[in-house]
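Inside the fold
These are the residues of each chain, in order.
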Amino acid sequence: MRISLNLKYFLSFLVFGLCCFLCISTVTSRLMMENAVSAKSSSFYQEGIYLSDQYVVNYFEEQENRNTLSAIRSHLASLDTYLNARIWLISRDGELILDSGDSGTVQERRVIPEFNSVLPGGKYYMTEDFFGMFSEQTLSVLIPVSHNYHVRGYIAIHTPMSVIVREKEGYLISFYITMILLLGLAFLFAAANWLMIILPIRRIRRGAGEYALGNYSVPIHMNREDELGFLADTMDFMAESLKDQEEDQRKLISNISHDFRSPLTSIKGYIEAMLDGTIPSEMQEKYLNIVLRETERLTKLTSGLLTLNSMDPKQNRLCKTRFDINTIIKNTAATFEGTCTSRHISIELLFTDWESYVYADMGKIQQVLYNLIDNAIKFSPPDSTITVETTLKYEKLFVSVRDTGAGIPKDSLKKIWERFYKTDISRGRDKKGTGLGLAIVKEIIQLHNENINVISTEGVGTEFIFSLSRADTEEPTE
């Protein structure tokens, strides 16, 4: 059975109120009863001590003088009215000498059966029927009357337990009223809490449901500075990220389809033309070379995709070593000697020192340099110079690749790192590019926890600068 959060909230409040009522009607009631009995007993005992010292002891000193007994009767009657209790004067043998409830002297003195001055539990009071003398439960306080260190008799003060229960119930009503007021305040607090927590959670839940269905255009934004507001903002950010990711995925598929379709169409067209005789046999070698170049382009594109797919920080592990970056730059630049010669482009190397040791994955850094130099050559005009320079600053070594080509448009600077992105200049000047080179460069540098930046001005040139961790004489440990 599915129970909504609202119903759980209401049931929790209901259970809380019921527990409060049961607690007051049981635990609080019992504690108040015990406290009332203790307080009443203590009050009776103090009055009994005063009565014993001031009046009753004279009766036993004067050997049961009737005049003294008459005076005691008067005081007992007054105290009976004041305490709303019945007061007895009892001999050591348990004989009832005087009863404040009688208007005159007891003519036939009664003996309390099984009278014992030691009450149950060793207390000075009991809450039973006082040795069978009453038909209901009664609070009885027994005070000894002593003279010359000898007990002469006892004063017993009685009041029905029903009187104490009524007093306790009167106080308990105040607790119930207070409890109702507190529950009312708790209900207001719960309602406010419901408005501040449950409703926003509902809103977040609805938004999450929409996101699960692929609808990322439903904002959850709340003008709150607490945890729920932060959660809502995080959900909104996640939705925007998923929306962008979905858009990037569509672009990726579109770009892959475009870049694969063009060479495949060319290959298919040339092969069909050769098979049906449209291209004569003496011309086939030329078009077979075109098919070969298109095949190489597809191979390069596939290799770039595989390289990007392997750039997962959670799965890809770098093989870092200590090596001289100057040597890597020289070797990489040497691989472009033929291309540079044919286009009359020179590569100038400027090093900060004869040897500059860094700590990185040598193979992947060589790939970064290859892509950046290849990119620079691609967009450099004939008779121009490409500069590769190293600069040392603090514990970092910065490598820059600078050309004097057409530059990158300002609105394209942030997009050049995207997979398959090509500027219009790139598409016009280079038909063989895959649009993956700079994306691979970015991924490799980020895997090293380093940074790469680009500075470009149209008509002036472009410079790419990336950082590497400097290595000293000893190979550092990860």
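A word on the packing of aromatic side chains
By the definition in use, this model includes 10 aromatic pairs. Taken together, a centroid distance of 5.2 Å and an interplanar angle of 75 degrees make the contact between Y124 and Y125 edge-to-face. Between the aromatic rings of Y270 and Y287, the centroid separation amounts to 5.1 Å while the plane-to-plane angle is 40 degrees, which identifies the pairing as tilted. Remark: Y287 occurs in helix α5 (residues 284–309) and Y270 occurs in helix α4 (residues 227–275); sequence separation between them is 17 residues. Among the aromatic residues, those joined into a ring-pair cluster are W88, F115, F130, F131, F134 and Y154. Of note, R322 hangs over the ring of Y357, and the distance from its end group to the ring centre comes to 4.0 Å.

Quick look at the nonpolar core
As a rule of thumb, soluble globular proteins bury nonpolar side chains together. Within the largest apolar cluster, 36 residues are counted, with the highest numbers of intra-cluster contacts made by I325, L369, L372, F464 and F466. Of all the secondary structure elements, the ones that give two or more residues to this core are α6 (325–334), β8 (357–361), α8 (362–378), β9 (385–393), β10 (396–403), α10 (437–447), β11 (452–457) and β12 (461–469). When residues in this core are grouped by element, the largest group, seven residues, is from α8. Contact partners of L372, with chain neighbours within four places excluded, come to V401, L438, V441, F464 and F466. Judged by nonpolar contacts, the second largest core, of 28 residues, contains A36, V56, I155 and I157.

Here we look at the environment of A239
Here A239 shows up in helix α4. We classify A239 as buried; its relative accessible area is 1%. Considered as a pair, A239 and N215 are 24 residues apart in the sequence and their alpha carbons are 8.6 Å apart. Once residues within four sequence positions are removed from consideration, A239 is found in contact with Y211 and Y216.

A short note on the sheet that holds β11
If you walk across this open sheet you meet the five strands as β7-β9-β10-β12-β11, and the pairing is mixed. The open sheet terminates on both sides in strands that have one partner only, identified here as β7 (346–350) and β11. Between one strand axis and the next, the sheet turns by 15 degrees as a mean value, whatever way the strands run. Pairing between β9 and β10: seven bridges, direction antiparallel. When the sheet's bridge partners are listed, K393 is paired in β10 with K396. The sheet strands contacting α6 are β7, β9, β10 and β12, and the helix crosses β7 at an angle near 175 degrees. The strands that α8 touches are β7, β9, β10 and β12; relative to β12, the one it contacts most, it runs at about 170 degrees.

Describing the side chain of D80
Counting through the fold element by element, D80 comes out in helix α2 (residues 66–83). Within the buried core, D80 has no salt-bridge partner, and the shortest N-O distance to an opposite charge, that of R86, equals 6.3 Å. When residues no more than four places from it in sequence are discounted, the contact partners of D80 are A85, R86, I87, S100 and G101.

Comments concerning the confidence of the model for the protein
Across the protein, the average pLDDT comes to 81, with 86% of residues at 70 or higher. Mean pLDDT across the elements of the protein bottoms out in helix α9 (residues 424–429) (43) and peaks in β10 (94). Taken as a whole, residues 424–431 scores under 50 in pLDDT and shows 11 contacts with residues more than four places along the chain or in a different chain.

Describing the side chain of S356
By the element assignment, S356 lies in the loop between β7 and β8. Apart from residues lying up to four places away in sequence, S356 is in contact with F323, D324, I325, N326 and L397.

Here we look at the pairing of β12
Burial runs high along β12: seven of the nine residues are buried. Relative to β12, β10 is paired through eight bridges, and the arrangement is antiparallel. From the neighbouring strand, L397 faces β12, where its bridge partner is L468. Sheet topology places β11 next to β12; six bridges connect them, and they run antiparallel. Across the sheet, residue V454 finds its bridge partner in β12, namely F464. From the end of β11 to the start of β12, which pair antiparallel, there are three residues, and G459 there has a positive phi angle of about 85 degrees.

Brief notes about the pattern of salt bridges
Applying the stated rule across the entire model yields nine salt bridges. D99 serves as the salt-bridge partner of R86, at 2.6 Å between the closest nitrogen and oxygen. Separated by 13 residues along the polypeptide, R86 in strand β1 (residues 86–91) and D99 in strand β2 (residues 96–99) bring together distant segments of the chain. On the basis of relative accessibility, which here comes to 32%, the residue R86 falls in the partly exposed class. In the salt-bridge network here, residues are joined through shared partners; they are E389, R402 and E463.

Reading the values: the criteria
- Residues numbered from 1 in each chain as written.
- Predicted model: local features only at pLDDT ≥ 70, side-chain atom pairs only at ≥ 80, totals over all residues.
- Heavy atoms only, no water.
- Phe/Tyr/Trp six-rings, centres within 6.5 Å; stacked < 30°, edge-to-face > 60°.
- Helix = DSSP H or I, 4+ residues; strand = E, 2+ residues; numbered from the N terminus.
- Lys NZ or Arg CZ within 6 Å of the ring centre and 35° of its normal.
- Core = buried A, V, L, I, M, F, W, Y, C linked by side-chain atoms within 4.5 Å.
- Buried < 20%, exposed > 50% of the residue type's maximum accessible area, 1.4 Å probe, protein only.
- Contact = heavy atoms within 4.5 Å.
- Pairing = 2+ DSSP bridges.
- Axes fitted to C-alpha atoms, helices over the stretch in contact; angles between N-to-C directions.
- Lys, Arg positive; Asp, Glu negative; His and termini not counted.
- Salt bridge = Lys/Arg side-chain N within 4 Å of Asp/Glu carboxyl O.
- pLDDT = per-residue confidence, 0-100.

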